Amino acid sequence: MRWPRGVEGLCYGGDYNPEQWPEDVWKEDVALMRRAGVNLVTVGVFSWSRIEPEEGRHDFGWLDRVLDLLEANGVKANLATPTASPPPWFGLAHPDALNMTAEGVRLTHGSRDTYCVSAPPYQEASRRIAATLAERYRDHPALAMWHVHNEYGTACHCDHAAHAFRAWLREKYGTLDALGDAWTTSFWSQRYSAWEQITPPRATQYLPNPTHVLDFRRFVSDEMLAHFRRQRDVLRELTPDVPITTNFVFGGWVPVDHWKWAREVDLVAIDDYPAEPGLAAAEHTAFAADLARSWAGGAPWLLMEQAPGVIYTNGRMTAKEPGETARHSLSHIARGSRGVMFFQWRASRGGAELWHAGMVPHAGPDSRIFREIAELGEVLDRLGGTGVSGAVEADVAVLWDYDAWWALQSRGLPSAELDYLDAVRQAHRVAWLRGLTVDFAHPSHDLSRYRAVLVPSLYLVSDAAAANLRGFVERGGTVVVSFFSGVADEHARVRLGGHPAAFRDFLGIRVEEFLPLAEAVRLSDGRHATIWSEHVHLEGAEAVSAYPDGRPAITRNSFGAGSAWYVSTRLGDEGYARVLADAQVLTERRVLTAGSRRPSASGRPAPAVAPGVEIVRRDSGMLFAINHTSERHLVPIQGVDLLTGARLDGVDLPPGGFAVLREDR
């Protein structure tokens, strides 16, 4: 991890787009930035047409003045390469470099992300604009960090992409016979006799080959990463002391393997936009933050974007409650972010995102949103001055694998209701609601630091990853494996001999048949099962719960020094929580409200937690307590309040309140 140059304490700011405004607004902007405590802004993300209005002709005067103004007012610049939005002249000069859909439709300029990342003209233009910016601003004192591109995630199915895809496949498989074996091309007469016969998975008559689609997702991730590397390497050569990043965006449409990408940036940075209001938004915030910290390998990372004051829900803007922006921001800080950034600084008065929220909203600084932004700046300034330090404490991991996610997005599965993200989110949500902080881990990672690992619907898994999980259990770990896991190999080919073939030995079961459910059923212990069931045979395991016909539904098996649990159906949150409690993944937590007698404790007890009261510990002794509920809660922790300096014997959290402590040891 490399930190932005010249930025002390925590980063605070957002995307700044001064080119959208007359220059007389710029002075007001920097005055308001000082008032709010802003110390870092992202500049130039979508400014290619302003910087280079014609090919080879540049206009840097406005950007020079902006950077000078920022530096004079104590604000550093996260300077972007503007390659996510090529200018109009580029598409006219290179129409073959505009992206094409799977249906063969060539898109035109008029939005953003209108490019094919594999097109040589686009690759060269991207490299050239990055070099031009670096050469001009390499010595500017405002330059703190480089921000390459924006939210990588655009796929293309044109002939440029096809050519690059074939080269990627040659590198991966070596021969057409090896590719044919991995893709099972004997099915439906798809055997290829020449590399030129392979194209991206374009629109076709019926079901596409699932491994073809999966490999294309992998290819797109690698191809975009190559585009990032080309710019990064240019910037690094010209400005070796300036860190370089890009903002990771999350979603089912994003063909990016962030485990790989995290190794290529100097600082992991993410954008986070919860899609549901209320407690769900708080949990989503923690989910995104835990993913970012895990991608960063536990190192500090940066929240690059969030929306100030609003949540975008199913095409509708929902206002955040007073204080909610601060709570979400502190949740990110608690879970490893070294700053809080927003999109964007000033809400646009026109353009496609004119209704996107801003730190300075359309109403101006005399507004609830800006007052909260300024108050948050004060909190972050005090917190940054104390020195946020230490690793986030987490001894339970949830396995997270993009290949498994992408494979479970295939058509033609036994049930359209199989949803990898839903399974992963449930595992995280149940832990979060009960006060347990978790890491995410790739199936191939060293799992020895964890006492338990949750495996939600890991449909696709390699032999090496399966052996890794087996060894974890054998050495004393606890695993909880959910339905439709260990079913296919890394090429999305079904493992034979009974499911889940990759995990059968340590689970002590054999699944003969999948039996998707049309309606909910009640298990023998009263839990409700939905979506899915399986015909499970016991091969050493014991049944913990059964279906109405007596078939095992939830099983437990001792293996080596550890234990392995299997959940063959989709349980509700309470049912899944009972499994985790029985497996000793969750331990009992007391729930205290204001006025309750705080029990005596020795040593360092687990904090009392109510659902929606977020407790995150650092190994440095820092503790973050955030109350996302409408009730007052008392957390029995002693220490020094880092925001006020007061000594606390128990943390009294009002509705929506928060505290940051240096905990007594």
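Residues numbered from 1 in each chain as written. Predicted model: local features only at pLDDT ≥ 70, side-chain atom pairs only at ≥ 80, totals over all residues. Heavy atoms only, no water.

Engineer: Any chance you could break down the overall build of the protein chain for me, citing the residues and the numbers?
Structural biologist: Scanning the protein chain for helices and strands turns up 17 helices and 28 strands. Taken against the 2.2 N^0.38 rule, which gives 26 Å for 665 residues, the C-alpha radius of gyration of the protein chain at 26 Å falls within 12% of a compact globule. Across its three principal axes, the protein chain shows a C-alpha extent of roughly 75 × 75 × 40 Å. Within the span of the protein chain, comprising 665 residues, buried residues form 60% of the whole. (Helix = DSSP H or I, 4+ residues; strand = E, 2+ residues; numbered from the N terminus. Rg over C-alpha atoms; globule rule 2.2 N^0.38 Å. Buried < 20%, exposed > 50% of the residue type's maximum accessible area, 1.4 Å probe, protein only.)

Engineer: A description of the environment of phenylalanine 187 should follow, citing residues and the corresponding values.
Structural biologist: Considering the arrangement of structural elements, one finds phenylalanine 187 in the loop between α7 (176-183) and α8 (210-238). Note: C-alpha distance between phenylalanine 187 and valine 640 (453 residues apart in sequence) is 66 Å.

Engineer: Please provide a residue-by-residue account of helix α12 (residues 368-386), values included.
Structural biologist: Along its 19 residues, α12 runs 28 Å from first to last C-alpha, staying within 8% of the 27 Å computed at 1.5 Å per residue. For α12, the full list of buried residues reads Ile369, Phe370, Glu372, Ile373, Ala374, Leu376, Gly377, Val379, Leu380, Leu383 and Gly384. Of the surrounding elements, those touching the buried residues of α12 are β1 (11-16), α1 (23-36), α11 (324-334), β11 (337-342), β25 (622-627) and β28 (658-663). Following α12 by one or two positions, glycine 387 has its phi on the positive side, about 80 degrees. (Expected span 1.5 Å × (residues − 1). Contact = heavy atoms within 4.5 Å.)

Engineer: Go over helix α17 (residues 573-582), please, and point to the residues and values.
Structural biologist: Of all the residues in α17, the buried ones are Gly575, Tyr576, Ala577, Val579 and Leu580. Glutamine 584 sits one or two positions beyond α17 and adopts a positive phi of about 65 degrees.

Engineer: Run through the state of the cysteines, naming residues and quoting values.
Structural biologist: For the structure on display, the rule yields zero disulfides. Cysteine 158 forms no disulfide, and the closest cysteine sulfur to it belongs to cysteine 156, at a distance of 3.4 Å. When its relative accessible area of 1% is taken as the criterion, cysteine 158 is described as buried. (Disulfide = S-S within 2.5 Å.)

Engineer: Can you tell me about the sheet that holds strand β3 (residues 76-81), naming the residues and giving the values?
Structural biologist: Taken together, nine strands build an open sheet; the order of strands is β5-β4-β3-β2-β1-β11-β8-β7-β6 and the sheet is parallel. Both edges of this open sheet fall to β5 (244-245) and β6 (247-248), since each of them pairs with a single strand only. Here four bridges tie β1 to β11, and the two strands are oriented parallel to one another. By the bridge assignment, tyrosine 12 is partnered in β11 with valine 340. (Pairing = 2+ DSSP bridges.)

Engineer: Summarise the nonpolar core; cite the residues concerned and give the values.
Structural biologist: The biggest cluster of nonpolar side chains holds 191 residues, and the ones touching the most others in it are Leu70, Leu383, Trp400, Val453 and Phe503. Setting aside residues up to four positions removed in sequence, valine 453 forms contacts with Ala397, Leu399, Leu447, Leu469, Phe472, Thr478, Val479 and Val480. One finds Ala610, Leu623, Ala659 and Leu661 within the second-largest nonpolar core, a separate group that totals 12 residues. (Core = buried A, V, L, I, M, F, W, Y, C linked by side-chain atoms within 4.5 Å.)

Engineer: So what about the packing of aromatic side chains? Which residues, and what values?
Structural biologist: Evaluated as defined, the whole model comprises 37 aromatic pairs. A ring pair is formed by phenylalanine 90 and tyrosine 122, whose centres lie 6.1 Å apart and whose planes are at 70 degrees; its orientation type is edge-to-face. Highlighted residues: phenylalanine 90 in helix α4 (residues 88-93) and tyrosine 122 in helix α5 (residues 120-137), separated in sequence by 32 residues. For the pair shown, phenylalanine 90 and tyrosine 122 are each scored as buried. On the basis of an interplanar angle of 75 degrees and a centroid distance of 6.4 Å, the ring pair of tryptophan 400 and phenylalanine 440 is categorised as edge-to-face. Here the residue tryptophan 400 occupies a position in the loop between β12 (396-399) and α13 (402-407), and phenylalanine 440 occupies one in strand β13 (residues 438-441), the gap between them amounting to 40 residues. One exposure class covers both tryptophan 400 and phenylalanine 440, and it is buried. A network of ring pairs unites the aromatic residues Phe250, Phe287, Trp400, Tyr402, Trp405, Trp406, Tyr420 and Phe440 as a single cluster. (Phe/Tyr/Trp six-rings, centres within 6.5 Å; stacked < 30°, edge-to-face > 60°.)

Engineer: Provide a residue-level description of the packing of helix α3 (residues 61-72) against α5, including the pertinent values.
Structural biologist: In the contact formed by α3 and α5, the axes pass within 12 Å of each other and the chain directions differ by 50 degrees. Taken together, the axes of α3 and α5 lie oblique to each other. Every pair of crossing elements has a handedness; the one defined by α3 and α5 is right-handed. Packed against α3, whose contacting residues are Leu63, Asp64 and Leu67, the element α5 presents Leu133, Arg136 and Tyr137 at the interface. Split into classes, the residues belonging to the contact of α3 with α5 amount to four nonpolar, no polar and two charged. (Axes fitted to C-alpha atoms, helices over the stretch in contact; angles between N-to-C directions. Parallel < 35°, antiparallel > 145°, perpendicular 65-115°, else oblique. Left-handed = near helix turned anticlockwise from the far one by under 90°. Nonpolar A, V, L, I, M, F, W, Y, C, P; charged D, E, K, R; others polar.)

Engineer: Just give me the short version of unusual backbone geometry, but keep the residues and values in it.
Structural biologist: Omega for the peptide link from phenylalanine 343 to glutamine 344 comes to 0 degrees, which places this bond in the cis form. Inspection of the secondary structure assignment puts glutamine 344 in the loop between β11 and α12. In this structure, the amide linkage connecting histidine 499 to the following residue, proline 500, adopts the cis form with an omega of -20 degrees. Checked against the element boundaries, proline 500 lands in the loop between β15 (478-482) and α16 (504-507). The phi dihedral of tryptophan 188 falls on the positive side, at around 55 degrees, and the residue is not glycine. With respect to the helices and strands, the residue tryptophan 188 is situated in the loop between α7 and α8. Take tryptophan 188: its relative accessible area is 46%, and that puts it in the partly exposed class.

Engineer: Please set out the environment of isoleucine 51 residue by residue, giving values where relevant.
Structural biologist: Examined against the element boundaries, isoleucine 51 turns out to sit in helix α2 (residues 48-51). Along the primary structure isoleucine 51 and proline 87 are separated by 36 residues, whereas in three dimensions their C-alpha atoms are 9.6 Å apart. In contact with isoleucine 51, not counting residues within four places along its chain, are Arg57, His58, Asp59, Phe60, Trp62, Leu63, Ile129 and Leu133.

Engineer: Mind laying out the pairing of β3, listing which residues take part and the relevant values?
Structural biologist: Of all six residues in β3, six are buried, a share of seventy percent or more. Alternating positions in β3 separate into two faces, Lys76, Asn78 and Ala80 on one and Ala77, Leu79 and Thr81 on the other, with burial throughout. Examined bridge by bridge, strand β2 (residues 40-43) and β3 share four bridges and lie parallel to one another. Paired with valine 43 across the bridge in β3 is leucine 79. Pairing of β3 with strand β4 (residues 143-148) involves five bridges; the strand directions are parallel. Each residue of the ladder has a partner; that of threonine 81, found in β4, is valine 148.

Engineer: Residue-level account of the sheet that holds strand β20 (residues 542-546), with values.
Structural biologist: Taken in spatial order, the seven strands make up an open sheet running β13-β12-β14-β15-β22-β21-β20, and their pairing is mixed. In the strand order of this sheet, the two ends are held by β13 and β20, each with one partner. Averaged over neighbouring strand pairs, the angle between their axes works out to 20 degrees when direction is ignored. Two strands pair when backbone bridges link them, and β12 and strand β14 (residues 452-455) are joined in this way by three bridges, in the parallel orientation. Across the sheet, residue valine 398 finds its bridge partner in β14, namely leucine 454.

Engineer: Which residues make up the side chain of aspartate 29, and what values go with them?
Structural biologist: Relative to the elements of secondary structure, aspartate 29 occurs in helix α1. Side chain to side chain, aspartate 29 and tyrosine 16 meet in a polar contact 2.8 Å long. Here aspartate 29 is in contact with Tyr16, Trp345 and Arg346, once residues within four sequence places are set aside. (Polar contact = N/O pair within 3.5 Å; in protein donor to acceptor, adjacent residues only side chain to side chain.)

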